[in-house]
Amino acid sequence: MARKLRKRDVEVVKTHLSSPWASFTAIVIATLWTIPTFGLFVTSFRPSTGINSSGWWTVFTNPEFTFTNYTRVLFEGRGATPPLSQYFLNTFAIVIPSTIIPITIAIFAAYAIAWFNFKGRNFLFFTIFALQVIPLQMSLIPLLQLFSGGLHIGSFTVIPSFGITGTFIPIWLAHTMFGLPLAIFLLHNFIAQLPRELIEAARVDGADHFKLFRQIILPLSVPAIASFAIFQFLWTWNDLLVALTFGGGKRELAEMTGTRGGDWELLTAGAFVSILVPVAVFFALQRYFVRGLLAGSVKG
Amino acid sequence: MIEIAARQSQLEQAVSKLTGLTLTILIFGALVAIAFALSERTGERVQRFLKYVIFLAPALIFLFIGLVAPAFRTLYLSFRDARGNESVGWENYQWAFTQPEILDVLRNTGVWMIVAPIASTGFGLLIAVLTDRMRRPGLVKSLIFMPMAISFVGAGIIWKFVYQFEPNERAPEIGLLSQVAEWFGFVPTNWLLVNPLNTFLLIVVFVWIQTGFAMVVLSAAIKAIPDEILEASMLDGASGWKRFSRVTVPMIRGTIIVVLSTITIGALKVFDIIRTMTGGNFKTSVIANEMYNQSFRALNYGTGSALAIILFLGVLPLVAYNVVNLRRERSER
C-alpha cells in the first residue's frame, strides 16, 4: 500500500513538472521533422506544370491535385525503363527470401550458442558480434568474383560458379550473409534469457535438442523473431548497395531514382510509393520494431 | 498490338517471378522440415554430433564465405594491381593518401564521423528529455522516428527537393530551403554545389534519419532511471538543467556511448544518401562511395580494396570498444 502511494506521489510530481514549454518545443521539433516528407507527399499529387512553377506550399491558397503522376509512374515505362510496378515485384522477390533465410539460420545458431555446452561458446559469440566490424564494402568484390566465377585453387574447383549471376540468388545470399551477425546477436540475447528450468525440465522429459527447439524455443521466440524480421525487412527493402552490386540488371525500387532524373512529378510519386510499404509496416508493427531495436542495447 | 504483346509479356514475367518466389520459399521450408524430421529419428549418439551440423554449421559457413574469407581476400587485393594480377606493394595506399581527390574523400569521411553522430545523439537526447515528461508523447515520437523507416534513397529524394534551386531569377523557388532563404532576405544559391556547405547539407539528411533511433534508445534508458533518484534530486531543489546534467546524463552515460558508436559506424558506411543526392560530385564523396566508384566504375579492384581496408580500420576501434563493453556487461550478470 505504502509503495503504491509513493508511486502515485511521484506521478503527481511528474505531471506537475511536465512543463508546457517542453511539450511545445517537442511538438515544434516534430512538426519541423515532418515538413520535408509532407512536402514530398503534397508534390506527388500536383500536376507537373504546377510543381515546376511554384512551391508546394502554395497549394494551400491555390489547390490543384491529380493522380496522373501515380498512374504514369506505376504503369507506364519509358524507353528502356520498365514501369514501377515491375520494380515493385522485383523488390518483393528480393526482400521476402532475404528476410526468411537469414532469420531461420540465425535462430538456429542463436539457440546453439545459447544452450549447447561446447568449448569456445563465448569466444564464438564475441567473434560473431565483432564481425559487424567488416563493412559490407569489404565483401563486395570477393563475393562478386565468387558468384560469377566460383572458387578455384590452381586448376582444382572448390566451389563451381553455379551460373547464378543475373538471378536473384546472389542478392538473397548476400543479404543473408550480411544480416547474420546482427540477427544472431539479437536473437541470442533473447533466447539466452529463457528460463533455464524450462529447458532443463524438457531435457529431463527426454526431449532432444531438435524437439526442444521445435516445441519450446520456437514458439517462445516469436516476438523476438517478429521484431528482427521487421528490421531485416526494412533493411533489405531500403538497400541500394547490394542490389546495385549483385543485381546485374535486376532492378529494385531503390535504384529507380537515377532513371527518373529531373522529372519531379515522377520522382516524387515514385519515391512516395517506395516509402509507403516500409512506413506502413513500421506504423503497423511499431511496438515490435522498437522492442527489437532495444534488445541488447539497453539493460532492462 | 505491340502494346498488348508487351503487356502480356510483362504479365508472364510477373507470374514467373511470383512462382519462382513461392517455390524458393517452399523448397527452403521443406529442406528445414526434412532435416528436422530425419534428425529427430536418429539416436542420441548421432545427435550429439548432428545438432552442431544442423544448428550451427549453416550460420558459420555463411559467415565464413560472406564475411571472413572476403575480408582476407580484400586485404590481399589491396596490395595488387587493378585486376589483381600483380603485386604493387603499398602503392594503392600511397595513392589513397596522396591523391588530392581521395584526400578530400578522407576529410569528408572524417567530418561525417564527427558531426553526424554528435548531432543525431544530441537531438535524440533533447527530444527524449522533452517527451519524457509529456503526457502523450506517442505522436511526437512516431513522427520523429518515421524517417528511420524511409530508405536513404527516399530520404535523398525528399531532401533533394528541399534543396532544389531555381536558376531563373524571375521564376519562383520550388525548393523549401531556397524559399525560406529568400523570405529571410538571403539570395538562394545552388546549395549542393557549394563546398563545404554541401557536405553538411548531406549530413542533415543522415541526422534527420538517425535522430529517431537515438531518441528511442535514449528515451528507454531515461525511463529506466529509478524514480527515487529523480525524486531525491527534486527534493534537493535541483533545477531542470542541473537535474539533466548531474543526474540524467551520468545515469545513461553507457547508453549514450552505445548510441554514439552505433551511429558513427553508420556514418562511416554512408553510401546511398551521397549516391542519390550528389553522386559524390562537388567534393562530397566519402570512402564508401569512392570505394564503389573505384571498384565498379573505374574497375580498379586494387584501389577499391585499399579504400575498403581503410574503412575497416576506421570502424575497428568502435566495434572493439563495444565488444569490451559487452564482455564486461555479460560477466557482471
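Definitions and limits used
- Residues numbered from 1 in each chain as written.
- Chains lettered and ligands numbered in written order.
- Predicted model: local features only at pLDDT ≥ 70, side-chain atom pairs only at ≥ 80, totals over all residues.
- Helix = DSSP H or I, 4+ residues; strand = E, 2+ residues; numbered from the N terminus.
- Rg over C-alpha atoms; globule rule 2.2 N^0.38 Å.
- Buried ≥ 20, exposed ≤ 12 C-beta atoms within 10 Å, placed from the backbone.
- Contact = placed C-beta atoms within 7 Å.
- Nonpolar A, V, L, I, M, F, W, Y, C, P; charged D, E, K, R; others polar.
- Axes fitted to C-alpha atoms, helices over the stretch in contact; angles between N-to-C directions.
- Parallel < 35°, antiparallel > 145°, perpendicular 65-115°, else oblique.
- Left-handed = near helix turned anticlockwise from the far one by under 90°.

Draft legend 1. Summary view of the overall build of chain B. From N to C terminus, chain B includes 14 helices and 0 strands. Taken from N to C terminus, the helices and strands of chain B fall in the order α-α-α-α-α-α-α-α-α-α-α-α-α-α. For chain B, whose C-alpha radius of gyration is 26 Å, the value lies well above the compact-globule estimate of 20 Å for 333 residues. Taken over 333 residues, chain B has a buried fraction of 39%. For chain B, contacts bridging at least 24 residues in sequence account for 67% of all contacts bridging at least 6.

Draft legend 2. The arrangement of the interface of chain B and chain A in detail. On the chain A side, the residues contacting the 91 residues of chain B number 90 residues. Classifying every residue of the side of chain B that touches chain A by side-chain character gives 61 nonpolar, 16 polar and 14 charged.

Draft legend 3. Representation of the packing of helix H8 (residues 169-191) of chain A against helix H2 (residues 44-77) of chain B within the structure. Running from amino to carboxyl end, H8 of chain A crosses H2 of chain B at an angle of 125 degrees, the nearest separation of the two axes being 8 Å. Judged by the inter-axis angle, H8 of chain A sits oblique to H2 of chain B. Relative to H2 of chain B, the crossing made by H8 of chain A is left-handed. On the side of H8 of chain A, the interface is formed by Thr176, Met177, Phe178, Leu180 and Ile184 of chain A, while H2 of chain B contributes Ala59, Phe62, Leu63, Ile65, Gly66 and Leu67 of chain B. In terms of residue class, the contact of H8 of chain A with H2 of chain B is built from 9 nonpolar, 2 polar and no charged.

Draft legend 4. Region of the structure containing the packing of helix H4 (residues 100-132) of chain B against helix H11 (residues 253-268) of chain B. All names here are of chain B. With their axes 8 Å apart at the nearest point, H4 and H11 run at an angle of 140 degrees to one another. Overall, the two elements H4 and H11 adopt an arrangement that is oblique. Read as a crossing pair, H4 and H11 show a hand that is right-handed. Here H4 contributes Thr109, Trp112, Met113, Ala116, Pro117, Ser120, Thr121 and Gly124 to the contact with H11, which in turn contributes Ile256, Val259, Leu260, Ile263, Thr264, Ala267 and Leu268. Looking at the contact of H4 with H11, its residues break down into 10 nonpolar, 5 polar and no charged.

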